[in-house]
Amino acid sequence: NITNSPTIILAITIIIASLVYFAFWFYIVNVYQVVARRVFLEGRLYKKVPIRRITFLSRVKQWNRVAVTMFVKDLYQTLWNLTIIGGIIKNYSYLMVPYIMAENPTLNSKQAITLSRKMMNGHKFEAFKIDLSFIGWDILGIITFGVTSIAFSNPYVLATFSEYYV
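None of the values given here were measured: they were computed from a predicted structure.

The rules behind the values
Residues numbered from 1 in each chain as written. Predicted model: local features only at pLDDT ≥ 70, side-chain atom pairs only at ≥ 80, totals over all residues. Heavy atoms only, no water. Phe/Tyr/Trp six-rings, centres within 6.5 Å; stacked < 30°, edge-to-face > 60°. Helix = DSSP H or I, 4+ residues; strand = E, 2+ residues; numbered from the N terminus. Buried < 20%, exposed > 50% of the residue type's maximum accessible area, 1.4 Å probe, protein only. Salt bridge = Lys/Arg side-chain N within 4 Å of Asp/Glu carboxyl O.

Explain the packing of aromatic side chains to me, please; I cannot follow it from the model alone.
Summed over all chains, the structure comprises 14 aromatic pairs. Judged by centre distance (6.4 Å) and plane angle (45 degrees), the ring pair of Tyr76 and Tyr94 falls under tilted. Taken together, the residues span a long stretch of sequence, with Tyr76 in helix α3 (residues 63–81) and Tyr94 in the loop between α4 (85–93) and α5 (97–103) at a distance of 18 residues. Between Phe125 and Phe128 the ring centres are 6.0 Å apart and the planes differ by 25 degrees, which places this aromatic pair in the stacked class. With Phe125 and Phe128 both in helix α7 (residues 124–133) and 3 residues apart, the pair spans about one turn of that helix. The class of Phe128 is partly exposed, set by a relative accessible area of 33%. Following the ring pairs from residue to residue traces out a cluster consisting of Phe22, Trp25, Phe26, Tyr27 and Phe71.

Quick question: what am I supposed to make of the pattern of salt bridges here?
Here the structure, examined in full by the defined rule, presents 4 salt bridges. Note that Glu163 is salt-bridged to Arg44, the shortest N-O span being 2.7 Å. Of this pair, Glu163 sits in helix α9 (residues 147–165) while Arg44 sits in the loop between α1 (6–43) and α2 (56–59), and the two are 119 residues apart along the sequence. Lys73 serves as the salt-bridge partner of Asp74, at 3.4 Å between the closest nitrogen and oxygen. When its relative accessible area of 12% is taken as the criterion, Lys73 is described as buried. Several salt bridges share partner residues, and in doing so they unite Arg38, Glu42 and Arg53 into one network.

Laid out in structure tokens, this is it:
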């Protein structure tokens, strides 16, 4: 009787699609931020970074821990965004979490977020000015529908903030 109802089938399809999307975001998109930072941090030390470095977190069996940490960071950020000004400030407070997790994926969420907050204490305005310096690249990315962002500005921004982290 349930399968005959188009409304219930639609609701089940939407729920399943939402769960698949959340799982993809949780395990791939969130963790990719850390993997990309790891590659950039290693790239500043070595002439070549092997492609297998992308699987670093799975080799050290920390993929789930990093996924949870990034989720908690995003959850905190979302809650702070409800206060508008607090969201802007906390965006810079939590800016270093992916870099911290890239260097030490064994930290738990609380440790990584606390360390990021301590690192950014007194340095949020510097990070804001760096962000502001990329406004031209952001406008160019909007004009080109993201093509220049993917090809040029995103790696440039990642490299800049990797140096800032170091």
